Amino acid sequence: MSQWNQVQQLEIKFLEQVDQFYDDNFPMEIRHLLAQWIENQDWEAASNNETMATILLQNLLIQLDEQLGRVSKEKNLLLIHNLKRIRKVLQGKFHGNPMHVAVVISNCLREERRILAAANMPVQGPLEKSLQSSSVSERQRNVEHKVAAIKNSVQMTEQDTKYLEDLQDEFDYRYKTIQTMDQSDKNSAMVNQEVLTLQEMLNSLDFKRKEALSKMTQIIHETDLLMNTMLIEELQDWKRRQQIACIGGPLHNGLDQLQNCFTLLAESLFQLRRQLEKLEEQSTKMTYEGDPIPMQRTHMLERVTFLIYNLFKNSFVVERQPCMPTHPQRPLVLKTLIQFTVKLRLLIKLPELNYQVKVKASIDNNRRFVLCGTNVKAMSIEESSNGSLSVEFRHLQPKEMKSSAGGKGNEGCHMVTEELHSITFETQICLYGLTIDLETSSLPVVMISNVSQLPNAWASIIWYNVSTNDSQNLVFFNNPPPATLSQLLEVMSWQFSSYVGRGLNSDQLHMLAEKLTVQSSYSDGHLTWAKFCKEHLPGKSFTFWTWLEAILDLIKKHILPLWIDGYVMGFVSKEKERLLLKDKMPGTFLLRFSESHLGGITFTWVDHSESGEVRFHSVEPYNKGRLSALPFADILRDYKVIMAENIPENPLKYLYPDIPKDKAFGKHYSSQPCEVSRPTERGDKGYVPSVFIPISTIRSDSTEPHSPSDLLPMSPSVYAVLRENLSPTTIETAMKSPYSAE
């Protein structure tokens, strides 16, 4: 089943997450129509290869043309119109930057895999539960309801202000009419009655002015209360969700809803400000003793202006945190002289601000780094596909300044990866006579000068964003606090779901917890930064994080399909694997990651001796060097062992618990099984066909687990000749491949 078909079968809450990341950059219609073709392309490789990206973009447009031809025959007018529009948008947007479309599609596919993995996980972790609590959803609804109520109240005071204006105009007309009468007419009964009417109108005018001001005061109070409690809390929650999403957690959404609330409140406050200005004009034209407008208007206007300033200052946010396009799963790690992207949004979307707000980007003021490239850009509604007022910087590069001593500064991996910086953004709003200076900053970033520093830098980003809600604690690593172990394990699972498409189950997480602590229960434990990333594992020459990062790299580059299918148990101790295998049929095996070799994967199978004794055999771990020579699925298919004088045979029959090997891995085999050729057979150009065959020897006089040989570049026919002319002992001695304790 294709990935897209799996996505379409998700529950509605997961489908809503999928909907969040499909827009005009990569419309969902294209994802649906070209699902299988899209999944068959290597978009991640193309995101770092301009030639490959250009070819893929052209092929994408060709695929769209073919779809257009098909729907034209079906006379589907709406789909024809949409496809033509989409093709035009894609060609215009990505023609000069084909690598960007590869990045976009690669990210979308990765997010789909992460959501599928999250949907298949039986248990939510503590972080994800906290982000999806019912109280948060209830507050979101309350905020939207209160904002709508404030907007409605301001509309009512708008009517009150208009009524006051009309009442005052009528009073003014009648009063001036009496003033223009002759003195003799002023003493008539009709005039006296008119004077009484004017007095009643003045009383009514005074009452209505006080009533209007009272309503406005109440609106100001409700707006102040809403902004400084629920709305700011909602914004802080969105920022926390963004932090968690940066380290692989659930996609954050809700910014459009916040924008709607901020915009409605801004419109209401500006409308209220205009109403107060109208009341001042009315008071200037006609005032009287006890007139409430001069007594209250100034203070009320100050409060409204303060609320506008405060609303704007909170509305300037980093919508998408700094990230190198070459490493989309590692945001907030920036390499010197490599471009990164970052996107800002103003949550107050007013047409008057389009192209009028210029944003300047800079790096923190330690003068060690500067930003090269275009660092000043104007915000526009056209910048974003959803019509928000935003700006995206795509060509910024951090550059390290030389130290005063003439060196290149501190480029040590350990020091650099614990040093935090922030990208700062400044702008100025000039609107309706107000000038408002705004500033916001990215989450802390780690600067690296060499890609080898990336793993440790990413560990710093993980630890920071797990441990604190503070978005600007640049001295965090002076004294890093411990992290809750249960939360940290949840984040470890996110690394696998976001980076390699499948998260970790409870058994796998339990093994990781045991590796980090000596406790069997890990729900309430804590872990220090040193234990996670700086101290070597007991008896090893590497840290826990180095070990885990090497496994992620191994999966990504060499066994990704097997991992996504769930056939790699991976994290299981040697003791646990024996318990799992001991009662299984001979030839049952499982796959696990090596605990003693960085980036290694091994397999262990069970068999029985002639006396019925259960035996376990673990092959020496395969690393990326060996797996580059031969796909792991082919190794499992072709693997052979030599026992005593028997012919080579494949001992691997069933993937734990009882899945026939070919059923599990058959679709991942890259070629047909190799048949042993005789020396008289000839391949192309007269050569004997040669293949890589993974071979191990097992001594019949030992029940201890052994170790395999390297992959031997030996043709099957040559091996057959060796067996005919050499004894098994001689072959075994020549191979010199003792089993390891692994």
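Residues numbered from 1 in each chain as written. Predicted model: local features only at pLDDT ≥ 70, side-chain atom pairs only at ≥ 80, totals over all residues. Heavy atoms only, no water.

In the annotation of an unreviewed UniProt entry, the chain is listed under the name Signal transducer and activator of transcription and assigned to Pan paniscus. In its Sequence similarities (unreviewed entry) section, UniProt records this for the chain: "Belongs to the transcription factor STAT family." (UniProt positions renumbered as here; feature names shortened; annotations may be inferred.)

As a further point, take the overall build of the chain. The helix and strand inventory of the chain stands at 25 helices and 21 strands. Burial statistics for the chain: of 742 residues in total, 49% are counted as buried. Restricting to contacts in the chain with at least 6 residues of sequence separation, those with at least 24 account for 70%. Working note: accessible area of the chain is about 35500 Å², and carbon and sulfur atoms make up 50% of it. (Helix = DSSP H or I, 4+ residues; strand = E, 2+ residues; numbered from the N terminus. Buried < 20%, exposed > 50% of the residue type's maximum accessible area, 1.4 Å probe, protein only. Contact = heavy atoms within 4.5 Å. Areas by Shrake-Rupley, 256 points an atom, 1.4 Å probe, with all protein chains shown as cover.)

The next thing to look at is the nonpolar core. For soluble globular proteins, nonpolar side chains are generally found buried alongside one another. Counting residues in each nonpolar core, the largest one holds 155 residues, and the members touching the most others are Phe-312, Phe-532, Phe-571, Phe-603 and Phe-632. Per-element tally for this core: the top contributor is helix H11 (residues 189-246), with 17 residues. In this structure, Trp-4, Ala-53, Leu-64 and Leu-68 belong to the second largest nonpolar core, which totals 36 residues. (Core = buried A, V, L, I, M, F, W, Y, C linked by side-chain atoms within 4.5 Å.)

This brings us to the sheet that holds strand S7 (residues 389-400). Within the open sheet, the 4 strands sit side by side as S1-S3-S7-S5. Their pairing is antiparallel. Strands with a single pairing partner mark the edges of an open sheet, and in this sheet they are strand S1 (316-323) and strand S5 (369-372). Strand-to-strand twist of the sheet, defined as the mean angle between neighbouring strand axes without regard to direction, takes the value 35°. Bridging between S5 and S7 involves 4 bridges; their strand directions are antiparallel. Note that in S7 the partner of Val-370 across the bridge is Lys-399. (Pairing = 2+ DSSP bridges. Axes fitted to C-alpha atoms, helices over the stretch in contact; angles between N-to-C directions.)

Before going further, it helps to examine the packing of helix H12 (residues 255-285) against helix H13 (residues 292-315). Interaxial distance between H12 and H13 falls to 10 Å at its minimum, and their mutual angle equals 160°. With respect to each other, H12 and H13 are oriented roughly antiparallel. As for the relative orientation of H12 and H13, their crossing is left-handed in sense. Among the residues forming the contact of H12 with H13, the class breakdown is 17 nonpolar, 4 polar and 3 charged. (Parallel < 35°, antiparallel > 145°, perpendicular 65-115°, else oblique. Left-handed = near helix turned anticlockwise from the far one by under 90°. Nonpolar A, V, L, I, M, F, W, Y, C, P; charged D, E, K, R; others polar.)

Under the definition given, this model contains 28 salt bridges. In this structure, Lys-534 engages Glu-418 in a salt bridge whose closest nitrogen and oxygen atoms are separated by 3.7 Å. One end of the pair, Lys-534, is in the loop between helix H18 (529-533) and helix H19 (544-564); the other, Glu-418, is in the loop between helix H14 (413-416) and strand S8 (420-421), with 116 residues separating them in the sequence. (Salt bridge = Lys/Arg side-chain N within 4 Å of Asp/Glu carboxyl O.)

Attention now moves to the sheet that holds strand S19 (residues 659-660). Across the sheet, 5 strands lie side by side as S16-S15-S14-S18-S19; this open sheet has mixed pairing. Each end of this open sheet is capped by a strand with a single partner; those strands are strand S16 (614-618) and S19. One ladder, built from 2 bridges, connects strand S14 (residues 588-593) with strand S18 (residues 654-655); its direction is parallel. Across the sheet, the residue bridging to Thr-588 is Tyr-654, located in S18. Its contacts with the sheet put H19 on S14 and strand S15 (601-608), and the angle it makes with S14 is roughly 150°.

Cross-referencing UniProt, the feature "coiled-coil region" (unreviewed entry) maps to residues 262-289 in the present numbering. For residues 262-289, helix accounts for 86% and strand for 0%, while the C-alpha atoms at its two ends are 39 Å apart.

Applying the stated criterion to the full structure yields 27 aromatic pairs. Judged by centre distance (5.9 Å) and plane angle (45°), the rings of Phe-532 and Phe-544 are tilted. Pair noted here: Phe-532 is in helix H18 and Phe-544 is in helix H19, with a separation of 12 residues, a long-range link. For Phe-532, a relative accessible area of 0% gives the class buried. Between Phe-603 and Tyr-622, the aromatic rings sit 6.0 Å apart at their centres with planes inclined by 20°, giving stacked as the arrangement. Note that Phe-603 is positioned in strand S15 and Tyr-622 in the loop between S16 and helix H21 (624-629), a separation of 19 residues in sequence. Judged by relative accessible area, Phe-603 falls into the buried class, the value being 0%. (Phe/Tyr/Trp six-rings, centres within 6.5 Å; stacked < 30°, edge-to-face > 60°.)

Our next topic: the packing of H11 against H12. Viewed as axis vectors pointing N to C, H11 and H12 meet at an angle of 160°, and their least axial separation amounts to 11 Å. Of the possible angle classes, the one that applies to H11 and H12 is roughly antiparallel. Here H11 and H12 pass one another in a crossing that is left-handed. Residues Arg-209, Leu-213, Met-216, Ile-219, Ile-220, Thr-223, Leu-226, Met-227, Leu-231, Glu-234, Leu-235 and Trp-238 of H11 form the contact with H12, whose participating residues are Leu-255, Leu-258, Cys-261, Phe-262, Leu-265, Leu-269, Leu-272, Gln-275, Leu-276, Leu-279, Gln-282 and Ser-283. Classifying every residue of the contact of H11 with H12 by side-chain character gives 18 nonpolar, 4 polar and 2 charged.

This paragraph deals with the environment of Ile-635. Structurally, Ile-635 is set in helix H22 (residues 632-638). Through-space distance from the C-alpha of Ile-635 to that of Tyr-622 is 9.9 Å; in sequence the pair is 13 residues apart.

A cis amide bond, omega 5°, links Tyr-656 with the succeeding residue Pro-657. Mapped onto the elements, Pro-657 comes out in the loop between S18 and S19. In the Ramachandran plot, Tyr-355 falls in the positive-phi region, its phi being about 65° despite a non-glycine side chain. On the secondary structure map, Tyr-355 appears in the loop between strand S3 (340-346) and strand S4 (358-363).

Quick look at the pairing of S4 now. Of the two faces of S4, only one is covered, namely that formed by Val-359, Ala-361 and Ile-363; the face formed by Lys-358, Lys-360 and Ser-362 stays uncovered. Here S4 pairs with strand S6 (residues 376-378) via 3 bridges, running antiparallel. Residue pairing for S6: Lys-358 is matched across the bridge by Ala-378. Here S4 pairs with strand S9 (residues 423-431) via 4 bridges, running antiparallel. Counterpart to Ser-362 in the pairing with S9 is Thr-424.

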